[in-house]
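Below, each chain spelled out in residue letters.
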Amino acid sequence: MSTPEFIRQIRAHAGNRLLLLPGVSAIVVDGHGRVLLGRRADTGRWSVVGGIAEPGEQPADTAVREVYEETGVQCVPERVVLVEMLQPFTYPNGDVCQFQDITFRCRATGGEARVNDHESLEVAWFAPDALPPLEPFALDRIHRALRDEPTWFRPAAELPEETPAAAPAAVAVPAPAWVPEGIPE
């Protein structure tokens, strides 16, 4: 997957240190209720479409752009499915990223599903009851998008009644064993 130019510029100064990045995932549904998936070139696995917002780009615009760039399908975001801060992830080159994912349910409005860039090996529509093997990241987003429920987010942590004099030491959280699917490197 290609790293956006603005991230390369930040990395030139920040090195491998943690970067918080705005990620968007798009669950695109066609008129037959099928879900659009792409088989990723980097992992060979099927996943939802997604990517990183460019500076100044609205998240819904990112979803529309990424879906078209990767699949040739035109879509309209209909609702926000979930907002979630993912765990930090360390890439093989040592770069550390943490993605804030906003997942949209989108309605396909045109175009033809096809491999439209170098990020996918295949692109196809799948009935919800005939999905290929998917990571939990993708399955969770698809299942939530297909239900008519309010936007999901992790509840806010409760603040302590008194602020302690010294903050507790940071706890190391292991990186996930998989690259967040739908969000390119």
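The rules behind the values
- Residues numbered from 1 in each chain as written.
- Predicted model: local features only at pLDDT ≥ 70, side-chain atom pairs only at ≥ 80, totals over all residues.
- Heavy atoms only, no water.
- Helix = DSSP H or I, 4+ residues; strand = E, 2+ residues; numbered from the N terminus.
- Buried < 20%, exposed > 50% of the residue type's maximum accessible area, 1.4 Å probe, protein only.
- Contact = heavy atoms within 4.5 Å.
- Areas by Shrake-Rupley, 256 points an atom, 1.4 Å probe, with all protein chains shown as cover.
- Salt bridge = Lys/Arg side-chain N within 4 Å of Asp/Glu carboxyl O.
- Pairing = 2+ DSSP bridges.
- Arc of directions from axis to C-beta.
- Disulfide = S-S within 2.5 Å.

(A) A look at the overall build of the chain. Tallying secondary structure elements over the chain gives three helices and nine strands in all. In sequence order, the chain lays out its α and β elements as α-β-β-β-β-α-β-β-β-β-α-β. Put simply, the chain has 185 residues, and 39% of those count as buried. Long-range pairs, those at least 24 residues apart, make up 76% of the contacts in the chain between residues at least 6 apart in sequence. Carbon and sulfur atoms form 55% of the exposed surface of the chain, whose accessible area is close to 10,200 Å².

(B) Highlighting the pattern of salt bridges. Under the criterion given, the structure shown has 17 salt bridges. Linking E5 and R8 is a salt bridge whose minimum nitrogen-to-oxygen distance equals 3.0 Å. One end of the pair is E5 and the other is R8, both in helix α1 (residues 5–14) and three residues apart, which spans about a single turn. For E5, a relative accessible area of 44% corresponds to the partly exposed category. For R8, a relative accessible area of 43% corresponds to the partly exposed category. For D42, the salt bridge identified is with R40, shortest N-O distance 2.6 Å. Salt bridges sharing common partners tie together E84, D101, D140, R141, R144 and R154.

(C) Examining the pairing of strand β1 (residues 19–29) more closely. By the criterion of burial, β1 is predominantly enclosed, with nine of the 11 residues buried. Taken together, the 11 bridges between β1 and strand β7 (residues 96–111) define a ladder with parallel strand orientation. Looking across to β7, one finds that V29 is bridged to R107.

(D) Region of interest: the environment of P132. Along the chain, P132 falls in the loop between β8 (120–126) and α3 (136–146). Here the alpha-carbon distance between P132 and L37, two residues 95 residues apart in the chain, equals 9.2 Å.

(E) Looking closely at α1. Listed as buried for α1 are F6, I7, R11 and A14. Viewed end-on, α1 has its buried residues packed into an arc of 135 degrees, placing them on one side of the element. In this structure, α1 carries A12 and H13 as exposed residues pointing more than 90 degrees from its buried face. For α1, the secondary structure elements touched by its buried residues are β1, β4 (49–52) and β7.

(F) Inspection of the state of the cysteines at higher detail. Enumeration over the complete set of coordinates arrives at zero disulfides. In this model C75 remains outside any disulfide bridge; the closest cysteine sulfur is found in C106, 4.1 Å from its own.

(G) Broad picture of the environment of F137. Along the polypeptide, F137 turns up in helix α3. Distance in space between the C-alpha atoms of F137 and S47 is 8.7 Å, their sequence separation being 90 residues.

(H) View of the environment of R65. Inspection of the secondary structure assignment puts R65 in helix α2 (residues 59–71). Looking at R65, the relative accessible area reads 19%, which means it is buried. In the structure, R65 is positioned 12 residues away from A53 in sequence and 9.4 Å away in space, judged by C-alpha atoms. Not counting the four nearest positions on each side in its chain, R65 is found in contact with I52, A53, E54 and E57.

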